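So you can see what is in the structure, the chains are spelled out below.
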Amino acid sequence: MSVSAPERGGSSTYWAEHAWLSAEAGTRHGVLIEIEAGRFTAVRDGVTAPPAGAARLAGLTLPGLANAHSHAFHRALRGRTHAGKGTFWTWRERMYDLAARLTPEAYHALARATFAEMAHAGVTCVGEFHYLHHGPGGTRYADANEMGHRLITAAAEAGIRITLLDTLYLTADVDGAPLSGAQLRFSDGDLTGWWSRVQELRTPPHARTGAAAHSVRAVPAGLLAEFASCTGNLSVHIHLSEQRRENEACLAVHGRTPTQLLVENGLAGPSVTAVHATHLTDDDRTALGDTGTRVCLCPTTERDLADGIGPARALADAGSSLCLGSDSHAVIDLFEEARAVELDERLRDEHRGHFDVAELLTAATVAGHASLGWDDAGTIAAGARADLVTVRLDTVRTAGCDLDQAPAAAVFAASAADVHHVVVDGREIVRDGVHLLVDDVGRALDESIRAAWA
Ligand SMILES: [Zn+2]
């Protein structure tokens, strides 16, 4: 299929009532923001009223939010899989049931609607951890990247950027057990087959190719070093120690933790993001931090699936840059993910104040973009990509906040529903709470999800 790209924005000027520009620049008031060809060209604060021709942004304006860990099709599990008993492993059976059904057309419609929901939530860039590559039984489509190209086009249609983290998935467990059922759709047979397909991905300007090793369950230990060397120039993500069972199996088979396996095979460093990193030893945390390996936390999924609480503060202290993802999309709300990082720590140790607001917003913005290879996004500063996310401060959730603490109000009180204006690469995607590219996103979700399950 052809791969669509969004239009680029022209020149525009905004005046933000309040804006959190970055951790370094902090919060400013009366901020005049000029944009040319998708980049900020000037950012000046202390301007008391919007000049002629400037669009007024009422409330708090933030840099673009990055959703660093997504499986778009999991959105169809929301509202269908939360009640009842079980674990991650029983939830996974429902996910496989869904994965077995999806056609390229159905996945395209579902991803477009899901990415549009993300745009409504202020997400300007998604890291799509993509493993549903092939047809039923593993049959190749005429375009071996049919599904990946559908995802790239769906992001364009929703107006957001995407890093397609194309995922290597070869085995069913740490012991090398063969794939079966829906898992056959995930596999390219071997590392060479996967890598040659990845190199055929076409990425228009709103997209980047990244890579993922699904987990130490799905990629044999003997291939990790070769995987690391062929993906050395890409952003690389991997699910790590989300479940204790993965650790136990890895220790039993390899005599080392999943983190040890990664580090020993060169799968560590600032281009690598470990997703979840929930159940780590002290040595694991030190190894991730010492190598500058990033960590993507997905607290709303981790709590929905009863995974556990990751050592967020200890990882940050060890040297890992933290970012956020909505993963299974039980919720798509980066404010909820951000505050959960802090609030989960409070529940664990019965004290408040583990992360300051700037750290949480950094995780949601510039750190997430960096994890996905977009080093020029996630701050409001001249030269950066022109992403703006404006949060209303007059809704039933946010009204009455101390304006000097508006960023804290966004993190701890706002929801995705309070995002009413979104600009991506200089182009307005959401205006006054209305998505400008996708008509009625709720309906698009409803129709695409019912079609996916039909
Ligand atoms: Zn995941």
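In case you missed it, the structure is sitting above this.
Everything numeric here is computed off the predicted structure, so don't read it as measured data.

Undergrad: Looking at this structure, I do not really get the state of the cysteines. What am I missing?
TA: Working definition of a disulfide: a covalent bond connecting the sulfur atoms of two cysteines. The final tally for this structure, using the stated rule, is 0 disulfides. Counting only cysteine sulfurs, Cys323 is the nearest neighbor of Cys125, a cysteine outside any disulfide, at a range of 11 Å.

Undergrad: I tried to follow the packing of helix α11 (residues 334-349) against helix α14 (residues 406-413) on my own but got confused; where do I start?
TA: When two helices pack together, their arrangement is given by the angle between their axes and by how far apart the axes lie. In the contact formed by α11 and α14, the axes pass within 7 Å of each other and the chain directions differ by 85°. Overall, the two elements α11 and α14 adopt an arrangement that is roughly perpendicular. Residues Phe335, Ala338, Arg339, Glu342, Leu343 and Arg346 of α11 form the contact with α14, whose participating residues are Ala410, Val411, Phe412 and Ala413. For the contact of α11 with α14, the class distribution of residues is 7 nonpolar, no polar and 3 charged.

Undergrad: Help me understand empty space enclosed by the protein, please; the structure alone is not making it clear to me.
TA: One simple way to see leftover space: roll a probe sized like a water molecule over the atoms. One pass over the full model with this rule turns up 3 cavities of 30 Å³ or more. What the largest cavity holds in volume is close to 150 Å³. In this structure, the largest cavity is lined by 20 residues; those nearest its centre are Phe88, Trp91, Met95, His214 and His239. Counting residues per element, the lining of the largest cavity draws most heavily on helix α1 (residues 88-101), which supplies 5 residues. Partitioned by chemical class, the residues of the lining of the largest cavity number 8 nonpolar, 8 polar and 4 charged. Along its surface, the second largest cavity is lined by Leu297, Pro299, Glu302, Gly308, Ile309, Gly310, Ala312, Ala340, Val341, Asp344, Glu345 and Arg348. When contributions to the lining of the second largest cavity are tallied by element, the ones reaching two or more residues are α9 (299-304) and α11. A per-class count over the lining of the second largest cavity returns 6 nonpolar, 2 polar and 4 charged.

Undergrad: Any chance you could explain the packing of aromatic side chains here in plain terms?
TA: Centre distance and the angle of the planes are the two values used to describe a pair of aromatic rings. Applying the stated criterion to the full structure yields 10 aromatic pairs. On the basis of an interplanar angle of 75° and a centroid distance of 6.0 Å, the ring pair of Phe73 and Tyr131 is categorised as edge-to-face. Note that Phe73 is positioned in the loop between β5 (65-70) and α1 and Tyr131 in the loop between β6 (123-130) and α3 (146-158), a separation of 58 residues in sequence. An identical accessibility class is assigned to Phe73 and Tyr131; each is buried. Every member of this aromatic cluster is reached through a ring pair, and the members are Phe73, Tyr96, Tyr107, Tyr131, Tyr169 and Phe186. Here Arg161 stacks its cationic end above the ring of Trp374, 5.2 Å away from the centre of that ring. Directly above the ring of Phe355 sits Arg313, whose terminal nitrogen or CZ lies 4.6 Å from the centroid.

Undergrad: Would you mind going over the sheet that holds strand β8 (residues 207-213) with me for this structure?
TA: Backbone hydrogen bonds are what pair the strands of a sheet, in a parallel or an antiparallel way. Judged by pairing direction, the sheet is parallel, and its 8 strands sit side by side in the order β5-β6-β7-β8-β9-β10-β11-β12 without closing on themselves. In this open sheet, the two strands that pair with only one neighbour each are β5 and β12 (322-324). Across the sheet, the mean angle from the axis of one strand to that of its neighbour is 25°, orientation sign disregarded. The strands touched by α3 are β6, β7 (161-168) and β8; relative to β7, the strand with the most contacts, the crossing angle is about 160°.

Undergrad: Looking at this model, I keep getting lost on the pattern of salt bridges. Mind explaining?
TA: Pairing between side chains of opposite charge can happen when their charged atoms approach one another. Under the criterion given, the structure shown has 30 salt bridges. For the salt bridge of Arg303 with Glu336, the shortest nitrogen-to-oxygen distance reads 2.8 Å. Note that Arg303 is positioned in helix α9 and Glu336 in helix α11, a separation of 33 residues in sequence. Classification of Arg303 as partly exposed rests on a relative accessible area of 45%. Look at Glu336 and you get buried, because its relative accessible area is 17%. One connected set of salt bridges, linked through shared partners, spans Arg39, Arg161, Asp376, Arg385, Asp387 and Asp425.

Undergrad: Explain the coordination of the zinc ion here, please?
TA: The expected angle between donors at a tetrahedral four-coordinate metal is 109.5 degrees. At an octahedral six-coordinate metal it is 90 or 180 degrees. Protein-derived coordination of the zinc ion comes from His69 (NE2), His71 (NE2), His239 (NE2) and Asp327 (OD), at a distance range of 2.1 to 2.6 Å. Classification of the site at the zinc ion rests on its 4 donor atoms, whose angles at the metal span 85 to 171°, yielding the label irregular. Between the donor residues of the zinc ion, the gaps in sequence give the motif H-x1-H-x167-H-x87-D. One end of the pair, His71, is in the loop between β5 and α1; the other, His239, is in strand β9 (residues 236-240), and 168 residues separate them in sequence. Across this residue pair, the class does not change: His71 and His239 are buried.

Conventions used here
Residues numbered from 1 in each chain as written. Predicted model: local features only at pLDDT ≥ 70, side-chain atom pairs only at ≥ 80, totals over all residues. Heavy atoms only, no water. Disulfide = S-S within 2.5 Å. Axes fitted to C-alpha atoms, helices over the stretch in contact; angles between N-to-C directions. Helix = DSSP H or I, 4+ residues; strand = E, 2+ residues; numbered from the N terminus. Parallel < 35°, antiparallel > 145°, perpendicular 65-115°, else oblique. Contact = heavy atoms within 4.5 Å. Nonpolar A, V, L, I, M, F, W, Y, C, P; charged D, E, K, R; others polar. 1 Å grid on protein atoms, 1.4 Å probe; cavity = no way out; pocket = protein on both sides within 12 Å on 5 of 7 lines; lining within 4 Å. Points joined across faces, edges and corners; volume = space filled by probe spheres on them. Phe/Tyr/Trp six-rings, centres within 6.5 Å; stacked < 30°, edge-to-face > 60°. Buried < 20%, exposed > 50% of the residue type's maximum accessible area, 1.4 Å probe, protein only. Lys NZ or Arg CZ within 6 Å of the ring centre and 35° of its normal. Pairing = 2+ DSSP bridges. Salt bridge = Lys/Arg side-chain N within 4 Å of Asp/Glu carboxyl O. Donors = N, O, S within 2.8 Å, 3.2 Å for Na, K, Ca; no water. Tetrahedral: all angles 85-135°; square planar, octahedral: opposite > 155°, others 65-115°.

The quantities given are spatial measurements derived from coordinates; they are silent on function.
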